[in-house]
Structure formats: C-alpha cells, structure tokens
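Here are the chains, one letter per residue:
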Amino acid sequence: MSDLQDKYKLRANPFRLTPSNKPEDLIWAGFAGVKEKFEKRIKRSVKIPSSSLVLNWGEYGSGKTHAARFFSKVDVLTPIADPDAIPFSLVMSLPKGKDPIYDMFISVIDKLDIKALKTKFAADYTELESFINTIESNIHIRSVLKMIFNDEEVVGHIAVKKYLYGNMSSTDLKSLSGLEILRNLKIEKDYTLILAGIFSCLTFDKKYYSCVIIWIDEFEDIATLNNTSMDKTNNFIREILDSTPNNLLLFLNLTQSAMVSVEDLGQYLYVNVTSRIKETINFDLPNPIDFKDYLKEMLSSFRSEGVEVNEYFPFNENVVNALIKEQGDVSLRRFNESLSLLLELAEMDKKCPISMDEFNSYKADLFLSKS
Amino acid sequence: MLNILKYYLDASRQAMINENKLSFDFHNHSIVFNYERVGLEDLDEDHTEHDFYSYNGINEVAQLELLINKNIKFKTIELIGSEYLGWREDNNEIKRSITNEMYYFLIELAKERGAVAESYMTSVDYGPGFCEDEGTYFFCIIIGYDFLWDMEFAKKVVHLIKQISIQAPDFYYYYFEKNSPIEDTKVLPILSTNTKVRRLGYYKLLSSFLKLEKKIAAKSLNRKFEDYCIAHQLELENQVLNKGVIKKTATGISAKPYVDLALDVNILNKINNICSAGKGFKVYQVLQEEYSNSNSVFNLNHFDKLFFLELILRNDYFYISSLLKILLLNERITYASLLNAYQPFLIKQIEDIQKSGNQLNRKAIEKLRLVLNRIKNWKKPEVYLEHLLMPRLNWLLELDLIVEDGQFFKMTKIGEQLFKHLAIWDDINTELIVSPDLFLDKFMIHVFDDCYNDSRGILLNNEKELFIKIYNYIDDSFRFFQTLAPNRVTASQAGNYVKYKLYFNDKIKVGYEFIFNALSRKEQNRFIFKYQKQYRDGYIQKK
C-alpha cells in the first residue's frame with residue numbers, strides 16, 4: 001500500500017471490479033452523458049409530481065449497479081434536489097423467491113427508520129392524516145398508514161415494525177383495534193397498497209422528501225422466475241405505479257443478455273408495464289475517448305493530494321492507447337480488470353511509471369481472461 | 001474360384017496377404033477376401049507361417065493357387081474405400097467423400113442384384129498404435145457369401161471402382177483442409193409428431209396469424225388459429241397433397257398438433273401462457289410478404305422451402321436423415337416396407353453413434369440411451385410409426401425431396417443432392433453427425449442453392465464489396481427487429497435476415513456464421529457485436 005502511495009501517488013487501487021460499499025469510494029468518473037441523463041431524470045421527478053418508470057440497459061459490468069448506488073448517496077442527491085427535501089432512495093435486487101411482492105415489501109420496510117419518520121412528520125400529522133384519507137379508500141390500509149406516521153406514543157415504532165413484518169402476537173394485534181386495525185397484512189394487494197401509501201406520505205407536499213427513487217437491480221433475472229412469480233412481479237410494477245401516481249421514480253436495471261428462444265428481456269415484461277416506460281437509459285459500451293476520460297477522472301479522484309503528475313500517471317499515455325486498442329469493444333468492468341491487474345503486476349515488479357515495456361511483458365496475463 | 005481371384009489380381013494394382021486377408025488394392029479402394037485356416041497341421045512345410053500371415057505380396061496366379069490349395073475357407077468379401085487423413089491438409093488433393101462413395105456402391109450394386117451387403121460402416125483406423133498415425137478414414141461394405149465367387153459381380157465391382165469419382169463441392173474444401181471436426185454437441189435432435197401435422201403451409205398461415213395477433217393467450221390460441229385457417233380449408237382440399245386439414249372444432253383440437261409442433265421447434269414461443277412468434281420466425285414474418293407466396297398457401301416457394309428445410313434439419317435431424325438414408329438405399333419403397341425397415345434402422349443408427357462417439361458428454365449419452373430405449377419399446381410400431389413417418393414423408397414431398405409414384409415413394413434428384421451434402425458433413429467430421437447446428441450455420445444456403453438452384457448462386461470473392469453489403473443489410477435490420485432496449489437488435493435475427501436478403505435479393509451465397517465473422521472483424525467499425533456462446537446468440541448495436 002505504501003508503494004501505491006509513494007510511487008504511484010494513489011491512495012487506493014481505483015479500479016474496483018464491483019461497486020464499492022464505502023460511500024467515499026463511490027465516485028462517478030467520465031461518462032458525462034449518462035450521468036446527465038440520470039441527473040435530469042431525478043431533477044424532473046423532484047420538480048414535477050407524476051411518477052415514472054425508467055429502464056436502464058447495459059452489458060454486464062457496464063455500471064448499472066454502480067449508478068444505482070451512486071445516485072442513492074445523500075451527498076449526490078443533495079445538489080440535484082432541494083437540500084431540505086432530498087429524494088428518499090433505495091436499491092434492491094429483484095427478489096427471486098416465490099413471494100416476490102412480500103420480499104420487495106420487506107426490503108423497503110427494512111430500510112425505513114420509522115422512529116425518525118414519526119418525529120419528522122409530527123408537526124404536519126393532522127394534514128398528513130387528511131391526505132391519507134384522500135389517497136386511500138381502503139380503511140384498513142388507511143389505518144395502517146396513519147399508525148406508521150402517527151406519534152410514537154400512539155403506537156411505538158417497534159410495534160409498528162412488528163406489525164408490518166407480520167410478527168405481532170394476536171394479543172398485541174387486539175390492542176390496535178382502537179385504530180381500526182383488525183387484521184394482519186396478508187394478501188399481496190395489502191403490501192403493494194401499504195408501499196404505495198408510504199411512498200405517497202413520504203413525499204407529501206414534497207416537504208421532507210421530494211420524491212421516492214427505487215432501483216430494482218438485476219431485473220433481467222425475471223427471465224428465470226416461474227410463471228407465477230413473473231406474473232406477480234409484473235403486476236407489482238404496474239400496481240405500484242398506478243397506486244403511487246405521484247413522486248415515485250422507479251428504475252429497473254436490465255442486462256442485455258441474449259436469450260434462447262426470445263429476442264430480448266422485453267418479452268418478459270407485460271404490455272401493461274412496458275406501456276408505462278417513460279425513458280430508457282442506455283449504458284453503451286465505451287469508445288476510446290470515453291475510456292480515456294473515465295481513466296483521467298478516476299486517477300485524479302484517487303490521487304494523493306497535492307501531487308503534480310501527468311493526467312494518466314502512473315500509466316504512460318501510449319500504454320492506455322495500446323490497451324484500449326488491444327481489448328476492442330469491452331465493458332467498463334473488463335477495462336477496470338485490465339487496469340487493476342496492470343497496476344498490481346507493475347507494483348509487484350516495482351515498475352513506475354508503467355511503460356510499453358511493462359505492458360508488452362504483462363500482455364499475456366492481461367488478456368488471459370478475455371474469451 | 002481361381003478365375004475370380006485371377007480377375008481381381010489382373011485388374012488391381014497389387015495384391016497381398018495379411019492376417020487371414022487376401023486383399024486386392026485399387027489405389028483408393030480395395031477388395032478384401034477374409035478366410036480362415038481350418039487347421040494348423042495342414043500348413044505346407046515348404047512355407048512358413050510367415051508367408052501366409054504377414055504382408056506377403058502376391059504377384060502371380062501361382063501364388064493364388066498355392067493359397068487356395070491350403071486348408072483355408074473363404075468367408076466374406078469386403079469392399080473398402082479409404083482416405084489417409086494426413087493428406088487432407090494438402091490443398092492439391094481432391095477431396096473425396098467416403099460416405100457418398102459407400103452409398104454409391106451400395107446403390108449401384110443393389111440395382112441389378114438386390115441387396116448385396118450384409119453390413120456397411122465408416123470408421124477411422126489409427127494403425128497399430130506404436131507409431132503416430134493421422135488415421136485412415138474408410139468405408140467398409142461386407143458382401144454376402146453368395147457373391148463371393150460370382151464373376152458378374154466381380155466385373156461390376158471392378159467397373160464401379162474404376163469409374164467412381166465423387167468430389168465434395170469447393171466450399172467444403174476449407175473444412176477438409178483444416179482437418180478438424182466441426183463442433184457437434186451430439187445431443188440428438190428429434191421431434192414428437194402427430195400424424196396430422198402434414199402441411200407445412202399451415203405454418204405460413206401461422207406466421208400471418210401471429211402478425212395480426214402478436215401476443216395471444218395459450219388457452220385460446222388453438223381455437224383462434226382454427227378460425228383463421230377455416231378460409232383455406234377448401235384450398236387444401238383441392239391440392240394433390242391434401243391431408244392434415246385444420247377444421248373448426250369446439251376445443252381447438254384440430255389445430256393443436258400443429259401448434260404443439262410449432263412450440264417444439266420454437267417458431268412459437270410461450271412465456272407465462274402467452275404465445276408469440278419465436279425469434280427466428282419473426283425473420284420469416286418480416287420477409288414473408290417480399291419472398292413468400294401468400295396467394296397460394298399450400299404451395300411452398302424457394303423461400304419457404306429454405307426456411308422449413310433448415311427448421312426440420314435443425315430440430316429433427318435424426319429421424320429425417322435416417323428416413324432419407326432408407327429412401328436412398330431403396331430405388332423405390334412402399335409405405336409398408338418403410339414401416340418394417342424404419343425401427344431396426346433407427347436402432348442401428350443409434351448403436352453406431354454410441355459406438356463411434358468417444359467424446360460423448362453425459363447429456364448426449366443420456367439422450368441417446370433414452371431415445372434408444374424408447375424406440376426399442378415401441379410396442380406397436382405400425383401404429384406409432386404412422387405418427388412418425390406420415391408427417392415426415394409429407395414434408396419431404398412438399399420440399400420436393402421425394403415423389404410419390406403409385407404406392408411407392410422415390411427420392412428425387414433434389415433429395416439425392418441433399419443427401420450427398422449430409423454425407424459430406426459426416427466425412428468432414430469422420431463420424432456420424434448427430435446435431436447439425438453448426439453445419440447448418442455454415443452451409444445451409446450453399447446446400448440449398450446446390451439442391452434447388454443447380455448451384456447458380458454467386459460466391460462473391462470481392463470481400464470488401466461483400467462486407468459492405470452485409471453491413472448495409474444489418475443496418476436495415478434495425479428497422480424490423482428493434483427490441484425494448486434502445487439501439488439493439490438480436491444477432492440471430494439480424495444474421496438470418498442478412499442471409500436471406502443476400503441470397504434472394506443479390507443471389508449471393510453466404511453462411512449465417514460468415515455474417516458473424518464479418519461483424520467480428522477488427523476493421524469493422526459500424527457496429528458493436530456481442531456474442532454469448534451459451535445462448536448461441538448475441539446482440540448488435542450501431543456505433
């Protein structure tokens with residue numbers, strides 16, 4: 001590590017093969033066009049009320065998961081939206097079990113800090129209550145939504161979570177009868193309606209959250225689901241959009257895989273879902289200029305502070321050109337893989353900067369995994 | 001006896017004795033007499049064991065006399081044709097087709113004398129094993145004892161050997177010279193069929209039907225397709241080949257066998273009980289109006305024949321190629337004789353594949369075993385085989401590969417020509433082809449052109465011009481095969497579209513695989529092409 005800092009002037013290896021979980025390492029480099037599309041889409045959802053469905057297409061390793069994590073960061077969302085009402089954003093993978101709707105519901109509830117919500121909405125609770133009455137006709141669902149946002153003293157946040165998870169004992173459930181909550185959540189429609197209700201409440205008046213952004217990653221796995229789960233997933237997408245007419249931005253990440261009998265994943269999405277798509281954002285395979293811009297920005301973000309070196313340091317520019325030319329049309333992940341390996345091999349041999357001699361001698365290793 | 005051996009000796013290049021075999025060598029072919037010695041005690045003292053055992057040349061009649069005077073008993077004759085695989089790479093060598101030679105002898109010899117062969121096979125002999133040998137690929141026909149001392153037969157054999165000349169067409173030379181097999185997964189492709197599915201024309205109707213319906217619930221598809229077909233019922237009744245009609249029924253049972261088969265061959269695709277055209281069939285749909293003849297549903301034109309022939313070969317190679325073999329070996333054959341011949345023939349075919357395949361993977365072995373057991377267990381083959389043979393015979397009739405002459409079925413020139421190609425595929429790999437996918441990807445257009453168009457299609461040598469045409473048609477395909485993902489077409493759809501366009505618009509013969517090779521060229525800068533081997537497909541994007 002010390003070599004990396006001393007010789008290569010980098011605080012860490014910038015070329016991660018999978019997106020980082022550490023927020024500070026999660027940076028956006030290059031690909032200004034794609035970034036701008038996401039920013040515009042989020043800005044639009046922050047400003048205008050209507051909900052939208054956006055498909056993100058790209059090759060494996062083209063940066064879809066990275067984009068989801070990057071645009072869920074508070075410090076990224078803050079400048080895009082109103083700092084007092086940044087979007088409520090969460091990323092989940094497409095559930096592959098037999099209860100996809102329940103699984104998605106749990107993914108959201110897991111990430112919901114009910115105690116904080118109760119405090120946040122306390123001042124506006126009366127208005128929120130009448131808002132709930134207008135958006136939801138189902139009395140049971142209305143009561144549950146009110147319980148979530150109502151004062152901690154009415155029903156404590158632990159009890160609320162227990163109820164939502166379906167873990168509440170029948171005795172405890174009886175204690176909720178005064179709130180007109182007389183049964184557990186059971187049917188799938190309950191979960192969708194509660195989620196839709198929570199999303200609507202969170203963005204009520206766009207006061208605390210300007211919109212809700214949900215990213216469903218690995219959506220291509222829909223092709224592997226059985227008929228029932230495929231049905232449920234499609235219906236969930238349609239219903240959640242219908243039941244949350246405002247302030248919901250739903251991103252679906254799809255990998256452009258070939259399929260045996262159908263031409264693309266579009267065949268697994270029902271017409272009632274595809275007809276609701278507002279936009280598709282494409283993660284094209286990068287061209288040489290994209291790669292070079294990306295690399296420059298990546299290196300500069302990871303470079304130790306106050307160091308003046310050329311923009312591709314520790315790589316010589318001709319090495320970068322040769323690498324790009326040699327590898328052809330590949331994904332960003334493959335590019336990262338090569339750079340990471342190149343850096344590691346050079347570090348082991350204590351070669352710096354990395355010149356064509358190193359590149360040529362490591363070439364066989366670099367393209368070993370390329371099939 | 002001696003006069004026959006003398007005849008062979010005079011006609012041949014050389015003769016020798018080795019390991020109880022007396023063989024006459026005719027350059028690429030040989031006639032081998034197998035004998036056994038009745039007792040060791042009778043060996044002539046003047047001649048050691050060695051003289052009659054190992055590589056002993058025979059140059060004169062006296063030596064033959066000496067041999068037959070020993071206490072030996074001749075058993076069979078083998079007619080062998082061989083090709084040394086070490087010479088395949090030599091581009092000056094003419095590429096013979098061992099399998100076609102074998103069938104040529106079988107057919108010609110049977111013409112006057114009925115079935116002369118006890119058995120026949122092709123294989124590779126790698127020599128004794130102590131020295132490196134590229135191997136000799138050969139066919140061997142074992143002739144029955146009745147013909148052993150038949151002068152007319154001997155003359156006929158020698159005559160055929162001297163005049164035989166079967167060459168593989170030029171476009172195969174590259175693969176012969178490569179001298180390495182084309183990948184064959186060995187997973188047996190077969191289809192289950194119902195006797196009703198006899199008219200390929202109904203799939204032309206299915207194409208236009210799915211153009212209108214796009215997505216249709218599986219449970220109502222059969223009935224709706226029946227409704228759609230009703231208008232053509234009378235048209236079918238007026239055809240010569242008029243069986244397999246789809247009628248209106250309350251449950252859709254009349255269309256069901258056609259729909260089931262469509263699902264099996266993936267021209268119909270079912271996701272979550274919703275049916276739509278399969279990805280390959282969408283290419284047919286796009287080009288149907290331009291290249292097919294929709295006025296006459298039950299007459300297939302070249303475009304239809306090309307599409308359906310490829311579909312059948314890809315999905316049903318085992319049953320179809322076996323049927324073609326029986327038809328070829330019999331100048332004419334009745335349905336009843338076919339019924340008798342088919343089951344044992346299929347069993348032998350599978351057993352041959354099992355024997356020859358030393359590189360079979362578990363999936364392939366399992367499928368072969370499963371199919372073999374199933375075929376062996378046909379309790380009433382005559383009932384079951386109707387479902388198997390009737391559709392296939394009708395498809396072959398519609399594709400002009402056979403004709404019906406009274407109660408007989410006969411192979412046509414087109415059928416013989418097609419068979420010749422399938423035999424060459426076996427020769428390229430020096431073993432029986434089980435799954436022909438990669439052969440079809442390379443040669444389908446060339447084969448079709450040779451069979452149906454007397455090889456009049458163009459092989460464009462100007463690669464630059466050809467690449468530009470390919471790229472332009474790929475560009476074109478984006479208009480028809482746009483998917484939900486932006487700027488993307490599925491590679492197989494674009495590839496097939498280009499293949500048909502080049503052939504029917506420009507008369508240029510290009511393999512489907514060649515189109516992908518053209519896309520993979522480093523100099524190609526118009527498209528991004530990604531291929532995933534496990535799906536045998538990929539996608540193309542414009543740069």
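Criteria and thresholds
Residues numbered from 1 in each chain as written. Chains lettered and ligands numbered in written order. Predicted model: local features only at pLDDT ≥ 70, side-chain atom pairs only at ≥ 80, totals over all residues. Helix = DSSP H or I, 4+ residues; strand = E, 2+ residues; numbered from the N terminus. Rg over C-alpha atoms; globule rule 2.2 N^0.38 Å. Buried ≥ 20, exposed ≤ 12 C-beta atoms within 10 Å, placed from the backbone. Domains from an automatic or database assignment. Contact = placed C-beta atoms within 7 Å. Nonpolar A, V, L, I, M, F, W, Y, C, P; charged D, E, K, R; others polar. Axes fitted to C-alpha atoms, helices over the stretch in contact; angles between N-to-C directions. Parallel < 35°, antiparallel > 145°, perpendicular 65-115°, else oblique. Left-handed = near helix turned anticlockwise from the far one by under 90°. Pairing = 2+ DSSP bridges. pLDDT = per-residue confidence, 0-100. Core = buried A, V, L, I, M, F, W, Y, C linked by C-beta atoms within 7 Å. Expected span 1.5 Å × (residues − 1). Arc of directions from axis to C-beta.

J.: Help me understand the overall build of chain B in this model?
T.: Secondary structure assignment for chain B yields 19 helices and 16 strands. Here the C-alpha radius of gyration of chain B, 27 Å, is about what a compact globule of 543 residues would show, namely 24 Å. Summarising its shape, the C-alpha atoms of chain B cover approximately 90 × 55 × 40 Å along the three principal directions. Looking at chain B as a whole, 38% of its 543 residues are labelled buried.

J.: I'm lost on the domain arrangement of chain A in this one. Help?
T.: Reports of interface size often rely on the accessible area that becomes lost once the parts have come together. Residues and elements named next belong to chain A. By domain assignment, chain A separates into domain 1 (2-20 + 294-366) and domain 2 (32-119 + 189-283). Here the C-alpha centroids of domain 1 and domain 2 sit 34 Å apart. At the junction of the two partners, domain 1 supplies five residues and domain 2 supplies eight residues. Its residues assigned to classes, the side of domain 1 that touches domain 2 comprises two nonpolar, one polar and two charged.

J.: Just to check I follow, could you spell out the packing of helix 15 (residues 413-429) of chain B against helix 16 (residues 437-452) of chain B for this structure?
T.: Helix packing geometry: the angle between the two helix axes and the distance between the axes. Residues and elements named next belong to chain B. Contact geometry for helix 15 and helix 16: axes closest at 9 Å, N-to-C directions at 150 degrees. Relative to helix 16, the element helix 15 is oriented roughly antiparallel. Remark: the crossing between helix 15 and helix 16 carries right-handed chirality. Of the residues in helix 16, those touching helix 15 at Ile 414, Gln 417, Leu 418, His 421 and Trp 425 are Phe 439, Val 447, Asp 450, Cys 451 and Tyr 452. Of the residues belonging to the contact of helix 15 with helix 16, the class tally is seven nonpolar, two polar and one charged.

J.: Mind showing me how you'd approach the sheet that holds strand 1 (residues 14-18) of chain B here?
T.: The pairing of strands in a sheet happens through backbone hydrogen bonds and is either parallel or antiparallel. Residues and elements named next belong to chain B. Strands sit in the order 4-1-2-3-5-7-6 across an open sheet of seven strands; the sheet is antiparallel. Strands with a single pairing partner mark the edges of an open sheet, and in this sheet they are strand 4 (56-58) and strand 6 (117-125). Pairwise comparison of adjacent strand axes, ignoring direction, gives a mean angle of 25 degrees for this sheet. Inspection of the sheet shows strand 1 paired to strand 2 (residues 21-26) by five bridges, in the antiparallel sense.

J.: Which parts of the structure should I look at to understand the environment of Tyr 173 of chain B?
T.: Residue and element names in this part refer to chain B. Residue position: Tyr 173 is located in helix 5 (residues 173-178). A tally of 16 C-beta atoms within 10 Å means that Tyr 173 is categorised as partly exposed. Taking the C-alpha atoms as reference, Tyr 173 lies 24 Å from Leu 309; in sequence the two are 136 residues apart. Once you skip the residues sitting within four places of it in the chain, Tyr 173 turns out to touch Lys 95 and Ala 168.

J.: Can you help me understand the sheet that holds strand 13 (residues 408-411) of chain B in this one?
T.: Residues and elements named next belong to chain B. Reading across from one edge, 11-13-12 is the order of the three strands in this open sheet, with antiparallel pairing throughout. Each edge of the sheet is formed by a strand with only one pairing partner; in this case those strands are strand 11 (333-334) and strand 12 (402-405). Where strand 11 meets strand 13, two bridges bridge the pair, whose relative direction is antiparallel. Residue pairing across strands places Thr 334 opposite Phe 408, the latter belonging to strand 13.

J.: What should I look at first to understand the confidence of the model for chain B in this one?
T.: On average, residues of chain B score 90 in pLDDT, and 96% of them reach the 70 mark or higher. For this predicted complex, the interface score ipTM comes out at 0.77, while the overall pTM is 0.87.

J.: Where do I start with the nonpolar core in this structure?
T.: Soluble, globular proteins show a tendency: their nonpolar side chains are buried together. By size, the foremost hydrophobic cluster in this structure holds 231 residues, and its most contacted members are Val 212 of chain A together with Ile 540 of chain B. Tallying contributions element by element places helix 11 (residues 302-329) of chain B first for this core, with 15 residues. Setting aside its immediate chain neighbours within four residues, Ile 540 of chain B contacts Ile 474, Val 489, Ala 491, Ala 494, Leu 519, Phe 527 and Phe 529 of chain B.

J.: What is the right way to read the interface of chain B and chain A from this model?
T.: With 24 residues of chain B at the contact, the number on the chain A side is 22 residues. Listing elements by their share of the side of chain B that touches chain A, those giving two or more residues are strand 9 (268-271), helix 18 (491-506), strand 15 (527-532) and strand 16 (537-542) of chain B. Residues of the side of chain B that touches chain A, tallied by class, amount to nine nonpolar, 11 polar and four charged.

J.: Explain the environment of Val 144 of chain A to me, please; I cannot follow it from the model alone.
T.: All names here are of chain A. In this fold, Val 144 is placed in helix 8 (residues 139-149). The exposure class assigned to Val 144 is buried, which follows from the 25 C-beta atoms found within 10 Å. Taking C-alpha positions, Val 144 is 7.7 Å from Ile 194, a pair spaced 50 residues apart along the chain. Among all residues touching Val 144, those that are not within four sequence positions of it are Ile 181 and Ile 194.

J.: Is there a simple way to think about helix 3 (residues 98-113) of chain B in this case?
T.: Residues three or four positions apart in an α-helix share a direction because the helix packs 3.6 residues into each turn. All names here are of chain B. Over its 16 residues, helix 3 extends 23 Å from the first C-alpha to the last, a length consistent with the 22 Å expected when each residue adds 1.5 Å. Buried residues of helix 3: Ile 98, Thr 99, Asn 100, Glu 101, Met 102, Tyr 103, Phe 105 and Leu 109, and no others. Phi turns positive one or two residues past the end of helix 3, at Gly 114, with a value near 75 degrees.

J.: How do you make sense of the domain arrangement of chain B when you look at a structure like this?
T.: Residues and elements named next belong to chain B. Assigned domains within chain B: domain 1 (2-167), domain 2 (201-297), domain 3 (303-452) and domain 4 (463-542). One C-alpha centre belongs to domain 1, the other to domain 3, and the line joining them spans 30 Å. Contacts between the two partners involve 12 residues from domain 1 and, on the opposite side, 10 residues from domain 3. Elements that contribute at least two residues to the side of domain 1 that touches domain 3 include exactly helix 3 and strand 6. Class assignment of the residues belonging to the side of domain 1 that touches domain 3 gives a composition of seven nonpolar, five polar and no charged.

J.: Would you take a moment to explain the environment of Gly 81 of chain B for this structure?
T.: All names here are of chain B. Within the secondary structure, Gly 81 sits in strand 5 (residues 72-84). Judged by local crowding, Gly 81 falls into the buried class, with 26 C-beta atoms found within 10 Å. Spatially, the C-alpha atoms of Gly 81 and Gln 233 are 52 Å apart, while their sequence positions differ by 152 residues. If we ignore the near neighbours within four places in the chain, the residues touching Gly 81 are Asn 28, His 29, Ile 98, Glu 101, Met 102, Phe 138 and Phe 139.

J.: Explain unusual backbone geometry to me, please; I cannot follow it from the model alone.
T.: Leaving glycine aside, a negative phi is the common case for residues, and trans is the common case for peptide bonds. All names here are of chain A. Phe 313 connects to Pro 314 through a cis peptide bond whose omega is 10 degrees. Position of Pro 314 among the secondary structure elements: in the loop between helix 14 (288-302) and helix 15 (317-327). Despite not being glycine, Asn 247 shows a phi value in the positive range, around 65 degrees. Its place among the elements puts Asn 247 in the loop between helix 12 (227-243) and strand 4 (248-255).

J.: What should I look at first to understand helix 9 (residues 157-165) of chain A in this one?
T.: All names here are of chain A. Of the residues making up helix 9, those classed as buried are Val 160, Tyr 163 and Leu 164. Seen along its axis, helix 9 keeps its buried residues to an arc of 95 degrees; they face one direction. Looking at the packing, one finds that the buried side of helix 9 touches helix 5 (100-110), helix 6 (114-121) and helix 8.

J.: Would you mind showing me how to read the pairing of strand 1 (residues 52-58) of chain A here?
T.: Two faces make up the sheet, and in a regular strand the side chains alternate between them. All names here are of chain A. Most of strand 1 sits out of view: six of its seven residues are buried. Two elements, strand 1 and strand 4, share seven bridges in a ladder whose sense is parallel. Within strand 4, the residue paired with Gly 58 across the bridge is Thr 255. Two strands pair when backbone bridges link them, and strand 1 and strand 5 (residues 277-283) are joined in this way by six bridges, in the parallel orientation. Across the sheet, the residue bridging to Gly 58 is Phe 283, located in strand 5.

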